[in-house]
Amino acid sequence: MIEESLVWTFRRSKAVVRPQNNNISDTVNADKEEENNHQWDRPIEFVLSLISNSVGLGNVWRFPYLAAQSGGGAFLIPYFTLYFLIGAPLYYLELALGQFTSRGPASAFVLAKGWQGVGFAMIINSILGTLYYNVIIAWALFYFVLSFRKRLLWADCGHWWNSNGCFVPGSPGNTLGANITALNCTLFNCTGGNCTTALSSNFSDSGCQENNTTSVKQVTVTEEFFYRLLLNKSSSFDDFGVPGTYMSVLLLASWLLICVCIIRGVQSSGKVAYFTAIFPYIVLLVLIIFTATLDGAREGIIFYIVPRWELIGSFKIWQAAASQVFFSLSISFGSLIAYSAANDFHNKFFQQMCIVVSCDCFTGVFAGFAVFATIGFLAKSLNEPVEVYATASGPGLAFITYPAALAKMPASPFFSIIFFLMLLALGLGSQFASTDVPVTALMEFFPSYAKRRSVLVVITCSVFYLASLPFACPGGIYLFELFQEYTANISLVFIGFFEVVSIAYIYGFNRFMNDVEMMLGKRAAQYYLFVTWCITAPILTLVITATNLLNTAPLKLDASGGFPPYEFPQWSTTLGWFIFVICIIPIPLVFLISYIQEYRRMAKEKTDYGPSKPLFLAALESNNLPAESWGPRRRIHQTDAYAHLATRTTQKNFISQQQLPEYTPRVEETTSIDTGIPNPTFNPDSTLNDDDNELSNQQF
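Predicted model, so just to flag it, every value in this text is computed and none were measured.

With that out of the way, let us pick up the UniProt feature "binding site: Na(+)" (unreviewed entry) in the chain. Cross-referencing UniProt, the feature "binding site: Na(+)" (unreviewed entry) maps to V55, N59, S328, L426 and S430 in the present numbering. On the basis of their most widely separated C-alpha atoms, the annotated residues across 376 residues gather in one place, lying no more than 11.6 Å apart. Along the chain, L426 turns up in helix α19 (residues 412–445). Filtering out sequence-adjacent residues up to four positions away, L426 remains in contact with S52, V55, G56, L57, V60, Y133, T276 and P280. The class of S430 is buried, set by a relative accessible area of 7%. In this structure, S430 is in contact with S52, N53, G56 and Y133, ignoring residues within four places of it in sequence.

Have a look at this one:
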């Protein structure tokens, strides 16, 4: 109690305690060690790591899927609009917050005491998103392993998982009768003779009668490979089943890979980013060139780039575009704050933000050309309109269209290996950052475990693997859809609303821009940020969230992979909103707890908050003020408005290293109200030289 009071007395006075030289040396060495740890070696590695984190599976998998579900070209207009009005500003905000504080999301939001729940919500959202995101990595790993064959398994029918309706798009005479060999004659009733005779002569001569094939639904070979072999998809959510062997092993392998890669931290991630950030563009370029030559590619690309204007006013499309912007840029996950926390304090992050956001925005559009060119090819093979096939492909769209294109390429196994290696690189680059968010949070909450990072990583990955096993069940694809809707969609936008409000309005736009000026030497893009942070971003995120809440309805899946259309049961909607509440509950909960603490503290200390202001309003105002620890974490940057933090750190280091009774300054003792322990109060007469701010006649 005495030490704490002495520290606060020193902070409020003009005097600055200066320890002896040996103590200064110890403090400086500690500061240097803090400065050198957990920083990027080069700015280019930070940029490439951001690209690797943001340009992930969401660009080559989720973007084409949402575009197909939202009318193709009609999706691009709200997509670009929201990138400019929400995506780029919030990306800037998170980079600035992390770089200024050098803290992760768990402690960065101490800029307003009652709003630390925003950071906690990010961590929970990151955990749930990580569980769901790793399922896609497991899918990519399955395709990657099975690409090491002379002929790809999804290149033809005739396997045990194929149905009577299986066919290979683009094959000569791709009717059901022409595929009889691959289907082992299951379309015919042969009472005499054999199938070979039936295929080479008249059916009546061989004793075979042709079944009525018109009632058999045609399903592409890639759809059956994905839904029947990999997922073993059940017919309904209620028929959930138990974890399948393939998916259980794949998830285990994915989590082991992640555990090994992040167990020693992210010091090497910048080096890996040279590959993970550049390699995907080369592969996508090759795919785009090849798919453009497929029959029907033109119709698919036209569907992709020509907007259907009647759909622009649909809130559903704007909601899908907003969720994709947040998901693709990794906004509201906390990974951007954690990455930028390892930056140099004066790093020019504004230019880096412009580069990364541009790359991320156009990568999804770039990848869409390859997907929709292939969709056009598959739709023409099925004699269906592009729109019908695009909307019926489901969440595995990219794992159906890309493999179909790869199977048509020369040296298809080689290109398949390269492509799915690219997907793994994209997915793991994002997953490393997302998984590191809860690990870093645990290290911040429990500093004693900071030196046992490897143990925390192993425990975290083990728990996450067990928690992700439901996705390995036959009904896991329905749970996957539920998570995609409620954890990587509505919750991201909701958290983004409170994130921008807490900084632009609670902490204050002008105050935060002053902090930016401390780092960059200027208030970069302040007019654009004022309009977006204070007007467009809060309004748009609030409207999108409200329309989502008002228009809630059970999820529906179109017919795909030979499965009929399916509407989720009513109980699944309740489960989805429960998941959503878990994602955002820290925001109101932490605010309420912090407010009660402030109210009790002010009532107990009888704080003078003015005669005309009731206590509950005074506590509310205090709850919105920055915490005492708010500011740059590294001592060398604690200047100007944050100079008191450096003084406070020096005093704490000094007090912890000295015997307080032996080095006590002249004080006037007052009695503590709550404990009765004498509290030292600084005597202003003890300062003789205000210019030097030193205590005279004291030996420290």
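Picking up where we left off.
The full count for this structure, using the stated rule, is 6 salt bridges. Here R228 makes a salt bridge to E224, at a shortest N to O gap of 3.7 Å. In this pair, R228 and E224 both sit in helix α10 (residues 221–230), 4 residues apart, roughly one turn of the helix. For E224, a relative accessible area of 0% translates into the label buried. By sharing partners, the salt bridges in this structure join K113, E598 and R601 into a single network.

Another point: the environment of C361. With respect to the helices, strands and loops of the structure, C361 is situated in helix α16 (residues 349–381). Along the chain, C361 and Y79 lie 282 residues apart, while their C-alpha atoms are 8.7 Å from each other. Excluding residues within four positions of it along the chain, C361 makes contact with Y79, F80 and Y83.

A separate point is the environment of I331. Counting through the fold element by element, I331 comes out in the loop between α14 (315–329) and α15 (335–340). Linking I331 and A88, residues 243 residues apart in sequence, is a C-alpha distance of 9.7 Å. Those residues in contact with I331 that lie beyond four places of it in its chain are G87, L90, Y91, E94, F326, L336, L492 and E499.

Okay, the packing of helix α7 (residues 117–145) against helix α21 (residues 476–520) next. Where α7 meets α21, the axes come as close as 10 Å, and the angle between the chain directions of the two elements is 150 degrees. What the angle tells us is that α7 and α21 run roughly antiparallel. Once α7 is placed against α21, the crossing between them reads as left-handed. Side by side, α7 and α21 meet where V118, A121, M122, N125, L128, Y132, V135, I136 and W139 of the first sit next to I477, F480, F483, Q484, T487, A488, S491, L492, I495, F498 and E499 of the second.

A few words now on the packing of aromatic side chains. One pass over the full model with this rule turns up 64 aromatic pairs. Seen from their ring centres, F80 and F362 are 5.9 Å apart, and the 40 degrees between their planes marks the pair as tilted. Pair noted here: F80 is in helix α5 (residues 73–101) and F362 is in helix α16, with a separation of 282 residues, a long-range link. When the centroid spacing of 5.1 Å and the interplanar angle of 55 degrees are considered together, the rings of Y143 and W154 count as tilted. Placement of Y143 in helix α7 and of W154 in the loop between α7 and β1 (166–167) is noted, with a sequence separation of 11 residues between them. The ring of F563 has K233 sitting right over it, with the charged end atom 4.7 Å from the ring centre. We note R511 situated over the ring of Y507; from NZ or CZ to the ring centre the distance is 4.9 Å.

Relative to the 28 Å expected for 20 residues at 1.5 Å per residue, helix α24 (residues 586–605) spans 28 Å between its end C-alpha atoms, a close match to the ideal helical length. Looking at α24, one finds that the buried residues are P586, I587, V590, S594, Y595, E598 and M602. Down the axis of α24, the buried side of the element spans an arc of 150 degrees, and every buried residue falls inside it. When the buried face of α24 is taken as reference, the exposed residues oriented beyond 90 degrees from it are R600 and K604. Where α24 is buried, its residues meet α7, α21, α23 (570–584) and α25 (615–623). Just past α24, the residue K606 takes up positive phi, approximately 55 degrees.

Summarising the element assignment, N59 is placed in helix α4 (residues 57–69). For N59, a relative accessible area of 0% translates into the label buried. Within polar-contact distance, the side chain of N59 engages the side chain of S328 at 3.3 Å. Residues contacting N59, with those up to four places away along its chain left out, are S54, P64, S328, D360, T363, G364 and A367.

What follows is about the side chain of S126. Along the polypeptide, S126 turns up in helix α7. The class for S126 is buried, based on a relative accessible area of 1%. Excluding its chain neighbours within four sequence positions, the residues that come into contact with S126 are F333, S434, V437 and P438.

Of all residues except glycine, most have a negative phi; of all peptide bonds, most are trans. Unlike most non-glycine residues, S102 shows phi in positive territory, near 55 degrees. Checked against the element boundaries, S102 lands in the loop between α5 and α6 (105–108). Unusually for a residue other than glycine, S330 sits at a positive phi of about 65 degrees. With respect to the secondary-structure elements, S330 resides in the loop between α14 and α15.

The rules behind the values
Numbering of residues begins from 1 in every chain and follows the order in which that chain's sequence is written. Where totals are concerned, whole chains, interfaces and linings use all residues; where local detail is concerned, this predicted model gives features only for residues with pLDDT of at least 70, and gives and counts side-chain atom pairs only at 80 or more. The side-chain figures draw on all heavy atoms in the structure; neither hydrogens nor water molecules are used. UniProt positions are given in the numbering used here, feature names are shortened, and annotations may be inferred rather than shown by experiment. Helix and strand definitions follow DSSP, with helices as H or I runs of at least four residues and strands as E runs of at least two, each counted in order from the N terminus. Any two residues having at least one pair of non-hydrogen atoms within 4.5 Å are treated as being in contact. Think of it in three bands: residues with accessible area under 20% of the maximum for their type are buried, residues over 50% are exposed, and the middle band is partly exposed, with areas taken using a 1.4 Å probe on protein chains only. What counts as a salt bridge is simple: a side-chain nitrogen of Lys or Arg found within 4 Å of a carboxyl oxygen of Asp or Glu. Angles run from 0 to 180 degrees between N-to-C directions of axes, and those axes are lines fitted to C-alpha atoms, restricted for helices to the stretch in contact. Any angle from 65 to 115 degrees is called roughly perpendicular, while one under 35 is roughly parallel, one over 145 is roughly antiparallel, and all others are oblique. In this scheme the handedness of a crossing depends on how the near helix is turned from the far one: anticlockwise by less than a right angle means left-handed, clockwise means right-handed. When two rings of Phe, Tyr or Trp (its six-membered ring) have centres within 6.5 Å they constitute a pair, described as stacked for plane angles under 30 degrees, edge-to-face for angles over 60, and tilted for the intermediate range. Note on criteria: charge over ring means Lys NZ or Arg CZ within 6 Å of the ring centre, with the direction from the centre no more than 35 degrees off the ring normal. Here the expected span of a helix is defined as 1.5 Å times the quantity of residues minus one. This arc is taken over the directions from the axis of the helix to the C-beta atoms. In protein, a polar contact means a hydrogen-donor-capable atom and an acceptor-capable atom, both N or O and within 3.5 Å, with residues adjacent in sequence counting only if both atoms are side-chain atoms; elsewhere, any N or O pair within 3.5 Å suffices.

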